[in-house]
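Notes for the structure review
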Amino acid sequence: PSYGSFISTLNHKRESGSHSLSSPLLLPAVKQVRELPPICPDVRQKHRISIDVLPPEVKARFVSEPIIPIRTKTAKEFQYVDDVERATISGDWKQVHDFYLTTFDSFLELNGAFKVSNAPFNTIEDSGINIKFVNIVYDALLHTVSKKIFINPQYTSPATYVIYAHLLRQIAALAEADHHFLMHWFKKLPQKRFKQLVERLQLFITTRLFPAKPEELPPMAKCSWWIPSATKVLSLLNAANSISSSSIIPFTDFYNLTLDHIDFMEDYHTWQAHGNSNRFTFCQFPFILSTVVKKAIIQRDSEQQMISMARQTLVDKVSRRQRVDMSLLFLNIKVRRLQLVSDSLDELSRKRADLKKKLKVTFVGEAGLDMGGLTKEWFLLLIRQIFHTDYGMFTYVKESQCHWFSSWKCDNYSEFRLVGALMGLAVYNSITLDIRFPPCVYKKLLTPPIVPCDLDTPVGMATLTLDDLQQIMPDLAHGLGELLSYEGNVEEDFYTTFQVFQEELGVVKSYNLKPGGDKIPVTNLNRKEYVQLYIDFLLNKSIYRQFAAFYHGFHSVCASNALMLLRPEEVEILVCGSPNLDMGSLQRVVQYEGYSKTDPTIRAFWDVVLAFPLELQKKLLHFTTGSDRVPVGGMADLNFKISKIDVSTDWLPVSHTCFNQICLPPYKSKKELRQKLTIAISNAEGFGLE
């Protein structure tokens, strides 16, 4: 289908005299970068010759309008019930053969077969292509013996990639206005066709990067423009998927997992140095990079910032001839369990300059040494207290089972900054948190993704819709939806004005959605404006100070260009991990120390764990790793280990959360193992030594 759309657009460009096909493309991030050669290499060197100075014998008669042949073959006639089915039965493929030979003979023949007569080509509503007929013709080509005869430039065989690459190059070099049309035409494709286009482009990129038979493709130096062209076309499909009212395919289908194996840090540093210039990098098109790659980029970027901060501290001490204390290289947090929130707030406020150092936590009066486990527990307990409804910072919405910012006003929003800093520290230190924020919180966190230089610039003021409100307050969203679809007289039947009421600490307050709103009735004509202003008030303006503090707290730790690579959904995964536990996957990647997977104790362990209800499986994960969430990359990234401990079977299992390790005594029966394991994982809080 994209080939037909391209042909239609190409004819339009010929008729309008556009020359954007020869505009420059981006260059790929390869070791030896070459300038992209022009489509006609000698065009720039030669002077244009006027038609009047040519001798008569070389002058040609020009046709002002191309004559498109009139074709009478219809989709119905071509379908299997007619031509193809008849040929299959009789073995006489001449009629089908002639159709293909004629149709794919030239651009004009293609237009004659597939272009809708007199269809406009400058509207986003219709590409002017008979897509149904295109699909039938290509399906017949794929599912009959005729596929042995004809070659389609979109096929996946590397033998056709040279043709396909040139097609992609032409599409990528179209003018921005033409890309706009293509984007809107793509979004009207059936899901199956749309997905096929995406998969074909991904396979093309993968094969060019890692060819199974390098001799089948031209040398990379001669076709360095292949990958930039394909990625640019893929970005049009991604844009079409984004602007569709509901996504045609999941955004994760645009991930190219083979890019997990390239030097993505070199790509990231090139992007940082050159931005969105004509030096191609995959970071210019972050939709193609998986969450695993983005997490790795953020982690390494964080590590570099940590090292830089620690080095600076060390240099400062040495230059002043002061004694060097190695603890200065870390962000050391010391808290009491009974004053956890206030101590944490004080520590983070006092040590704001050290937030980009490696985090280490100490609980006063406890002998635990933090190798990662105490840090995980500090996060867990702190989040649990802060999000408790009695604490008053966040409200829990039962209908949506998520937390939202309390709208009460106060003089000090430092605790909201603390929560933001906690989330930032979690991402920075690769800790997953059990936070139940609605998805729009992560949209607001990336608005903008980099903190503005001007402190007066509003932050977190995302453009949100009724769908976002639905994820927080479904009942209210339903009511507003009914208001929008109401067929009667809104003003007379609803008797509503541009004024809303909100309860704050037991007191009901009124707010105008716009100046004089209490005197402006909501009518059939202005109800869309009312709903949008209401959503903006609830999700942005009414909690602005709270969220701004939260935003600045998060970015005080996580400030990085890498955030610009992330979608809101990906930020949520980095913060919270995945709630979906797959103990079968964990069993396949677990490491053993002192045991083997065939030992009776290990077989009993997995029989018990796989039969556990979800709640106990979460407790086991928390007992062993300090968190009940699965990190980005899945269970394989946990580095889960089961070790043998040679003690009496009267002992309970023990764990080292710093190393995601559970130590099992050699229990004699499955019943004994289930009993001891359940007791251990149900009483797993606090660190101590006996």
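Named according to an unreviewed UniProt entry, the protein chain is HECT-type E3 ubiquitin transferase originating from Sinocyclocheilus rhinocerous. Taken verbatim from the UniProt record of the protein chain, the Catalytic activity (unreviewed entry) comment is "S-ubiquitinyl-[E2 ubiquitin-conjugating enzyme]-L-cysteine + [acceptor protein]-L-lysine = [E2 ubiquitin-conjugating enzyme]-L-cysteine + N(6)-ubiquitinyl-[acceptor protein]-L-lysine."

**Some words on the overall build of the protein chain**
The secondary structure content of the protein chain amounts to 26 helices and 10 strands. Buried residues in the protein chain amount to 46% of all 690 residues. A sequence separation of at least 24 residues applies to 70% of the contacts in the protein chain between residues at least 6 apart. Only carbon and sulfur atoms are counted for the fraction: they give 54% of the accessible area of the protein chain, which is about 36,000 Å².

**Here we look at empty space enclosed by the protein**
Scanning the model with the defined rule gives 5 cavities of 30 Å³ or more in all. Estimated volume of the second largest cavity: approximately 60 Å³. Lining the second largest cavity are I298, D301, S302, Q305, V427, Y428, V557, C558, A559, S560 and L563. Secondary-structure elements contributing two or more residues to the lining of the second largest cavity are α12 (291-319), α15 (414-428) and α21 (544-558). Ranked by residues supplied to the lining of the second largest cavity, first place goes to α12 with 4 residues. Across the lining of the second largest cavity, the residue classes break down as 7 nonpolar, 3 polar and 1 charged.

**Some thoughts on the pattern of salt bridges**
In total, this model carries 18 salt bridges according to the counting rule given. We note a salt bridge from E570 to K294, for which the minimum N-O separation is 2.8 Å. Pair noted here: E570 is in helix α22 (residues 568-576) and K294 is in helix α12, with a separation of 276 residues, a long-range link. Measuring nitrogen to oxygen at the nearest pair gives 3.6 Å for the salt bridge that ties K641 to E593. Here E593 lies in strand β7 (residues 591-593) and K641 lies in strand β8 (residues 641-644), a separation of 48 residues in the sequence. Under the relative-accessibility criterion, K641 is labelled partly exposed at 24%. For E593, a relative accessible area of 41% puts it in the partly exposed group. By sharing partners, the salt bridges in this structure join K195, E199 and D253 into a single network.

**Quick word on the pairing of strand β1 (residues 330-335)**
Of the two faces of β1, the one holding L331, I333 and V335 is buried and the one holding F330, N332 and K334 is not buried anywhere. A crossover links β1 with its parallel partner strand β2 (residues 358-363), the connecting element being helix α13 (residues 340-350), and its sense is right-handed.

**A word on helix α11 (residues 264-274)**
Among all positions of α11, only F264, M265, D267, Y268, T270 and W271 are buried. For α11, the secondary structure elements touched by its buried residues are α12. After α11 finishes, the residue G275 shows a positive phi value of roughly 60 degrees.

**Observations concerning the sheet that holds strand β10 (residues 661-664)**
Here we have 4 strands laid out as an open sheet, ordered β7-β8-β10-β9, and mixed in their pairing. This sheet does not close on itself; its edge strands, each paired only once, are β7 and β9 (654-656). Going across the sheet, the axis of each strand differs from the next one's by a mean of 25 degrees, ignoring polarity.

**Here's the deal with the packing of helix α8 (residues 176-186) against helix α10 (residues 226-243)**
Remark: α8 packs on α10, axes separated minimally by 8 Å, with the N-to-C direction vectors making an angle of 55 degrees. Classified by the angle between their axes, α8 and α10 sit oblique to one another. For the element pair α8 and α10, the recorded crossing hand is right-handed. Packed against α8, whose contacting residues are H179, L182, M183, H184 and F186, the element α10 presents K232, L236, L237, A239, A240 and I243 at the interface. The class makeup of the residues in the contact of α8 with α10 is 8 nonpolar, 2 polar and 1 charged.

Conventions adopted
- Residues numbered from 1 in each chain as written.
- Predicted model: local features only at pLDDT ≥ 70, side-chain atom pairs only at ≥ 80, totals over all residues.
- Heavy atoms only, no water.
- UniProt positions renumbered as here; feature names shortened; annotations may be inferred.
- Helix = DSSP H or I, 4+ residues; strand = E, 2+ residues; numbered from the N terminus.
- Buried < 20%, exposed > 50% of the residue type's maximum accessible area, 1.4 Å probe, protein only.
- Contact = heavy atoms within 4.5 Å.
- Areas by Shrake-Rupley, 256 points an atom, 1.4 Å probe, with all protein chains shown as cover.
- 1 Å grid on protein atoms, 1.4 Å probe; cavity = no way out; pocket = protein on both sides within 12 Å on 5 of 7 lines; lining within 4 Å.
- Points joined across faces, edges and corners; volume = space filled by probe spheres on them.
- Nonpolar A, V, L, I, M, F, W, Y, C, P; charged D, E, K, R; others polar.
- Salt bridge = Lys/Arg side-chain N within 4 Å of Asp/Glu carboxyl O.
- Right-handed = clockwise from strand over helix to strand, strands pointing away.
- Pairing = 2+ DSSP bridges.
- Axes fitted to C-alpha atoms, helices over the stretch in contact; angles between N-to-C directions.
- Parallel < 35°, antiparallel > 145°, perpendicular 65-115°, else oblique.
- Left-handed = near helix turned anticlockwise from the far one by under 90°.

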